[in-house]
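Here's the letter readout for the chains.
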Amino acid sequence: MHRRRRTALLLSAAIAAAPLLTACGNDAHPGAAAVVGGQRITVAQLENRVNEVREAQRAAVADEAQYAQAVAGTGTLTRDTLHNMVLDQVVHRAAQEAGVTVSRYEVQQMRAGLEQQTGGAKALETAWLQQYGIAPARLDDNLRFQLEAQKLAAKVGTDTGDPAFWNALAKASKDLGVDLNPRYGTWDAQKSSRADTKMPWLREVTAPETGQTA
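This one's a predicted model, so the numbers in the text were calculated from it and none came from an experiment.

Conventions and cut-offs
- Residues numbered from 1 in each chain as written.
- Predicted model: local features only at pLDDT ≥ 70, side-chain atom pairs only at ≥ 80, totals over all residues.
- Heavy atoms only, no water.
- Helix = DSSP H or I, 4+ residues; strand = E, 2+ residues; numbered from the N terminus.
- Expected span 1.5 Å × (residues − 1).
- Buried < 20%, exposed > 50% of the residue type's maximum accessible area, 1.4 Å probe, protein only.
- Core = buried A, V, L, I, M, F, W, Y, C linked by side-chain atoms within 4.5 Å.
- Contact = heavy atoms within 4.5 Å.
- Phe/Tyr/Trp six-rings, centres within 6.5 Å; stacked < 30°, edge-to-face > 60°.
- 1 Å grid on protein atoms, 1.4 Å probe; cavity = no way out; pocket = protein on both sides within 12 Å on 5 of 7 lines; lining within 4 Å.
- Points joined across faces, edges and corners; volume = space filled by probe spheres on them.
- Nonpolar A, V, L, I, M, F, W, Y, C, P; charged D, E, K, R; others polar.
- Axes fitted to C-alpha atoms, helices over the stretch in contact; angles between N-to-C directions.
- Parallel < 35°, antiparallel > 145°, perpendicular 65-115°, else oblique.
- Pairing = 2+ DSSP bridges.
- Left-handed = near helix turned anticlockwise from the far one by under 90°.

Undergrad: Honestly, helix α6 (residues 139-155) in this entry has me stumped. Any pointers?
TA: Because the α-helix completes a turn every 3.6 residues, residues three or four places apart line up on one side. Across its 17 residues, α6 extends 24 Å between first and last C-alpha, which sits within 8% of the 24 Å expected from 1.5 Å per residue. Considered for burial, the residues of α6 that qualify are Leu-139, Asn-142, Leu-143, Phe-145, Gln-146, Leu-147, Glu-148, Ala-149, Gln-150, Leu-152 and Ala-153. The first or second residue beyond α6 is Gly-157, which carries a positive phi of 75 degrees.

Here it is, written out as structure tokens:
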């Protein structure tokens, strides 16, 4: 079967270190880390995501010293995780508005290709955990996110580095009315990122795929 190369564009964030504000919550949305499209991302949900990463980091190393080093290297994990949780919804909304869908088969194909590149399922999970702070249980969700971003860019006739792509995300951000708890910063709808976050940048990884769709 003929195979071609897919470029998977990984949306990540170059986070500027910043101290947490002293506010213990958003008075308008108590217990919420963010409100997106009228739906709350609770502080408990955010903490669960962060704990997933910390538990995976602990399981991946042999001793406390290595774990401490891993934690030190991801000191902004809570804010990064919330950023990604919000951005996932923004990209999904923009993809829906553009008529873009991603099948389970496409996610499986991307994962299979990346596993082949990295040396297996465990190696891929470790790479995503170490480089991007994605827990193994969330890997497929992240790959779906990557595919949605890639297909959205193709649908608007550009790539993820082009203003047309970011304009689509900005529109989705505004439509969703993203509101962050002040302790985690504020959301810049035009840039589709936290205001204390540098513009999301792209990493490219290639994965073979078939031309089939589910």
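Now that the structure is up, let's keep going.
Undergrad: Would you mind showing me how to read the nonpolar core here?
TA: Nonpolar side chains tend to gather and get buried jointly when the protein is soluble and globular. Leu-82, Val-86, Val-90, Leu-169 and Val-178 are the most contacted members of the largest nonpolar core, which totals 35 residues. Counting residues per element, this core draws most heavily on helix α3 (residues 77-97), which supplies nine residues. For Leu-82, the contacting residues outside a window of four places in its chain are Ala-33, Ala-34, Ile-41, Leu-46, Leu-180 and Tyr-184. Core analysis: the second largest hydrophobic core is formed by 12 residues, Val-102, Val-107, Leu-124 and Leu-143 among them.

Undergrad: Help me understand the packing of aromatic side chains in this model?
TA: Any two aromatic rings considered together are summarised by their centre-to-centre distance and by the angle between their planes. Per the counting criterion, the structure on display carries two aromatic pairs. When the centroid spacing of 4.9 Å and the interplanar angle of 80 degrees are considered together, the rings of Trp-128 and Tyr-132 count as edge-to-face. Pair noted here: Trp-128 and Tyr-132 are both in helix α5 (residues 121-132), with a separation of four residues, about one helical turn. The pair formed by Trp-128 and Tyr-132 is uniform in burial state, with each residue classed as buried. Measuring from ring centre to ring centre gives 5.3 Å for Phe-165 and Trp-166, while their planes differ by 85 degrees; the resulting arrangement is edge-to-face.

Undergrad: I tried to follow the side chain of Thr-74 on my own but got confused; where do I start?
TA: Among the secondary structure elements, Thr-74 is positioned in the loop between α2 (64-72) and α3. Dropping the residues within four chain positions of it, Thr-74 is found in contact with Arg-54 and Gln-57.

Undergrad: Is there a simple way to explain the layout of surface pockets in this structure?
TA: Any empty space left between the atoms is revealed when a probe the size of a water molecule rolls over them. Each pocket or cavity is described by its volume, and for the second largest pocket that value is around 200 Å³. Going through the elements one at a time, α1 (43-60), α2 and α5 are the ones with two or more residues in the lining of the second largest pocket. Broken down by element, the residue count for the lining of the second largest pocket peaks at three residues, all from α2. Classifying every residue of the lining of the second largest pocket gives four nonpolar, six polar and no charged.

Undergrad: Is there a simple way to explain the environment of Arg-40 in this structure?
TA: Structurally, the position occupied by Arg-40 is in strand β3 (residues 39-42). A relative accessible area of 42% places Arg-40 in the partly exposed class. Remark: the alpha-carbon pair of Arg-40 and Asp-179, spanning 139 residues in sequence, is separated by 9.4 Å.

Undergrad: Quick question: what am I supposed to make of unusual backbone geometry here?
TA: Excluding glycine, residues mostly carry a negative phi; peptide bonds, for their part, are mostly trans. For Ser-192, which is not glycine, the phi dihedral falls at a positive 50 degrees. Structurally, Ser-192 is set in the loop between β5 (187-188) and β6 (193-194).

Undergrad: I would appreciate a short explanation of the packing of α5 against α6 in the present structure.
TA: In a pair of packed helices, the angle between the axes and the distance between the axes together describe the arrangement. With their axes 11 Å apart at the nearest point, α5 and α6 run at an angle of 70 degrees to one another. Here α5 is positioned roughly perpendicular relative to α6, judged by the angle of their axes. Only Leu-139, Asn-142 and Leu-143 of α6 make contact with α5, whose side of the interface consists of Leu-124, Glu-125 and Trp-128.

Undergrad: Help me understand the sheet that holds β3, please; the structure alone is not making it clear to me.
TA: Across a sheet, paired strands are connected by hydrogen bonds in the backbone, their directions being either parallel or antiparallel. Within the open sheet, the three strands sit side by side as β3-β2-β4. Their pairing is antiparallel. Single-partner strands in this sheet number two, and they are β3 and β4 (179-180). Taken together, the two bridges between strand β2 (residues 32-36) and β4 define a ladder with antiparallel strand orientation. Bridged to Ala-34 within β4 is Leu-180. Strands β2 and β3 of the sheet are contacted by α1, whose axis makes an angle of about 50 degrees with β3. On the sheet, α3 packs against β2, β3 and β4 and is oriented at approximately 15 degrees with respect to β2.

Undergrad: Which parts of the structure should I look at to understand the packing of α1 against α3?
TA: Their axes nearest at 10 Å, the elements α1 and α3 cross at an angle of 115 degrees. Crossing of α1 against α3: the hand is right-handed. Residues Leu-46, Arg-49, Val-50, Val-53 and Arg-54 of α1 lie in contact with α3, whose contacting residues are Leu-77, Thr-78, Thr-81, Leu-82 and Met-85.

So, to be careful, I would describe these as geometric facts and stop short of saying anything about function.
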